[in-house]
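An overview of the molecular structure
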Amino acid sequence: MGMSVSQGAGKGGRRRRGRKHGVMSEINVTPMVDVMLVLLIIFMVAAPMLTVGVPIDMPETQAKALNADTQPITVTVNQAGQVYLQETEIPAEEIVARLQAIAQTGYEERIFVRGDKSADYGMVMQVMARINAAGYRNLGLVTLPDQTN
């Protein structure tokens, strides 16, 4: 009739009632930094491919490239005579109204005109005249560098 008492049942057993583990309130930043670096690399690779959305065959010249700090407004005339403002096709009659709506910083903003080398010369000149009628005076014609050298 004896009673057996195990040693340590009251003190060092498997359960520790004195210490409670609370909620961890620290943010683990390492996974977030990893995700941000991967996104940065993806955008660095994809950004140059998104610059010009209208494919045209531009003429080649020996003119040197211009250094531009800001992204200019681009008006494109393709081989079929369709006019694009940036990447959006618009009727030629709407160029003046759209450009005047864009003129938030004034009419000193640079506009690049891109024309397919097979496009009608008259259509390109008509687009340039409409841009001039909208109040813009800083026009540039975009060409490719000459590859024959």
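In the annotation of an unreviewed UniProt entry, the entry for the protein chain reads Protein TolR, and the organism field reads Tianweitania populi. Reading the Sequence similarities (unreviewed entry) entry of the UniProt record for the protein chain gives the comment "Belongs to the ExbD/TolR family."

Moving on, we come to the pairing of strand β5 (residues 111-115). Counted residue by residue, β5 has 5 buried out of 5 residues, so it is predominantly covered. Neither face of β5 is exposed, since Ile111, Val113 and Gly115 on one face and Phe112 and Arg114 on the opposite face are all buried. Pairing of β5 with strand β6 (residues 139-142) involves 4 bridges; the strand directions are parallel. By the bridge assignment, Ile111 is partnered in β6 with Leu139.

With that out of the way, let us pick up the pairing of strand β2 (residues 73-77). Of all 5 residues that make up β2, 5 are buried, and the element is covered over most of its length. Taking every second residue as pointing to the same face, both faces of β2 are buried, with Ile73, Val75 and Val77 on one and Thr74 and Thr76 on the other. Bridge count for β2 against β5 is 5 bridges, and the pairing is parallel. Among the inter-strand pairings, Ile73 is bridged to a residue of β5, identified as Ile111. Inspection of the sheet shows β2 paired to strand β3 (residues 83-85) by 3 bridges, in the antiparallel sense. The residue of β3 that forms the bridge with Val75 is Leu85. Hairpin connection from β2 to β3: 5 residues lie between these consecutive antiparallel strands, with Gly81 at a positive phi of about 90 degrees.

It is worth spelling out the environment of Gly135 at this point. Mapped onto the secondary structure, Gly135 falls in the loop between α3 (121-133) and β6. Owing to a relative accessible area of 23%, Gly135 belongs among the partly exposed residues under this scheme.

Turning our attention to the side chain of Thr76. Checked against the element boundaries, Thr76 lands in strand β2. Reaching out from Thr76, the side chain makes a polar contact with the side chain of Arg114 at a distance of 3.2 Å.

Moving on: unusual backbone geometry. Residues other than glycine seldom take positive phi values, yet Gln86 does so here, at roughly 60 degrees. Its place among the elements puts Gln86 in the loop between β3 and β4 (88-90).

Attention now moves to the nonpolar core. Counting 20 residues, the largest nonpolar core has Val83, Leu99, Val127, Ile131 and Tyr136 as its most contacted members. Every element with two or more residues in this core is listed here: β2, β3, α2 (95-102), β5 and α3. Looking at this core element by element, the count peaks at 5 residues for α3.

All right, on to the sheet that holds β2 then. Spatial strand order, β4-β3-β2-β5-β6: 5 strands in an open sheet with mixed pairing. Each of the sheet's edge strands pairs with one partner strand only, and the pair in question is β4 and β6. Direction aside, neighbouring strands of the sheet carry axes that sit 30 degrees apart on average. Where α2 meets the sheet, it contacts β2, β3, β4 and β5, and its direction lies at approximately 10 degrees from that of β3. Contacting β2, β3, β5 and β6, α3 runs over the sheet at an angle of about 150 degrees to β2.

What counts and how
- Residues numbered from 1 in each chain as written.
- Predicted model: local features only at pLDDT ≥ 70, side-chain atom pairs only at ≥ 80, totals over all residues.
- Heavy atoms only, no water.
- UniProt positions renumbered as here; feature names shortened; annotations may be inferred.
- Buried < 20%, exposed > 50% of the residue type's maximum accessible area, 1.4 Å probe, protein only.
- Helix = DSSP H or I, 4+ residues; strand = E, 2+ residues; numbered from the N terminus.
- Pairing = 2+ DSSP bridges.
- Polar contact = N/O pair within 3.5 Å; in protein donor to acceptor, adjacent residues only side chain to side chain.
- Core = buried A, V, L, I, M, F, W, Y, C linked by side-chain atoms within 4.5 Å.
- Axes fitted to C-alpha atoms, helices over the stretch in contact; angles between N-to-C directions.
- Contact = heavy atoms within 4.5 Å.

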